[in-house]
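Chain residues, written in single-letter form:
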Amino acid sequence: MKLREEIPATLPTPPRFERRISTTDKVRQIVSVPTEVCTPSASSSVVPRPMAHPRRPKLTTRVLPEQLAWIHDEVVRYRTEFPRAPRLTVAELVQIALEELRESKNLDYLIAKFRS
């Protein structure tokens, strides 16, 4: 098998394209957080970073099918009853329920009633 003849390129090859900016630097620019705030200093190992929005972790749990159907029905009922109000979501309804539980004075009674 015959090897091909190699012809040297007479044109200079363009320089390799490098990433212009890293993703963390791009996020830092968008959020406009100074670099010093995000890098840990020698005095402390953990530096709190300012966040644009408070973090809201996702709550995943299992509920009975009747409870899920009820919560969906309540969302639909609220939307039909108050069409000009902002839309109520399941997540917002769960947040309201959690706040009501937090503010209840007799939480022990509610827990005992639920478990019985």
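Right, let's walk through the structure included here. For clarity, every value in this text was computed on a predicted model and none was experimentally measured.

Now for the overall build of the protein. Looking only at helices and strands, the protein has 5 helices and 0 strands in total. Overall, the protein shows an N-to-C arrangement of helices and strands of α-α-α-α-α. The buried share of the protein, reckoned over its 116 residues, is 6%. If you sum the accessible surface of the protein, you get close to 12,200 Å²; carbon and sulfur atoms cover 59% of it.

Turning our attention to the packing of aromatic side chains. Two aromatic rings are characterised by how far apart their centres lie and by the angle between their planes. Following the criterion strictly, the structure yields 1 aromatic pair and no others. Look at tyrosine 78 and phenylalanine 82: their rings are 4.9 Å apart centre to centre, the planes differ by 45°, and that puts the pair in the tilted class. Overall, tyrosine 78 belongs to the partly exposed group, its relative accessible area being 27%.

The next subject is a nonpolar patch on the surface. A cluster of nonpolar side chains, contributed by Leu59, Leu98, Leu101, Leu107, Tyr109, Leu110 and Ile111, occupies part of the molecular surface with about 630 Å² of accessible area. Secondary-structure elements contributing two or more residues to the nonpolar patch are helix 4 (90–103) and helix 5 (107–115). Residue contributions to the nonpolar patch peak at 4 residues, all from helix 5. Checked against the element boundaries, leucine 101 lands in helix 4. Judged by relative accessible area, which is 40%, leucine 101 ranks as partly exposed.

Cut-offs and rules
- Residues numbered from 1 in each chain as written.
- Predicted model: local features only at pLDDT ≥ 70, side-chain atom pairs only at ≥ 80, totals over all residues.
- Heavy atoms only, no water.
- Helix = DSSP H or I, 4+ residues; strand = E, 2+ residues; numbered from the N terminus.
- Buried < 20%, exposed > 50% of the residue type's maximum accessible area, 1.4 Å probe, protein only.
- Areas by Shrake-Rupley, 256 points an atom, 1.4 Å probe, with all protein chains shown as cover.
- Phe/Tyr/Trp six-rings, centres within 6.5 Å; stacked < 30°, edge-to-face > 60°.
- Patch = residues over 30% accessible without salt bridge, like charges linked within 9 Å, V, L, I, M, F, W, Y side chains within 5 Å.
- Salt bridge = Lys/Arg side-chain N within 4 Å of Asp/Glu carboxyl O.

Treat this as a map of the structure, not an account of what it does.
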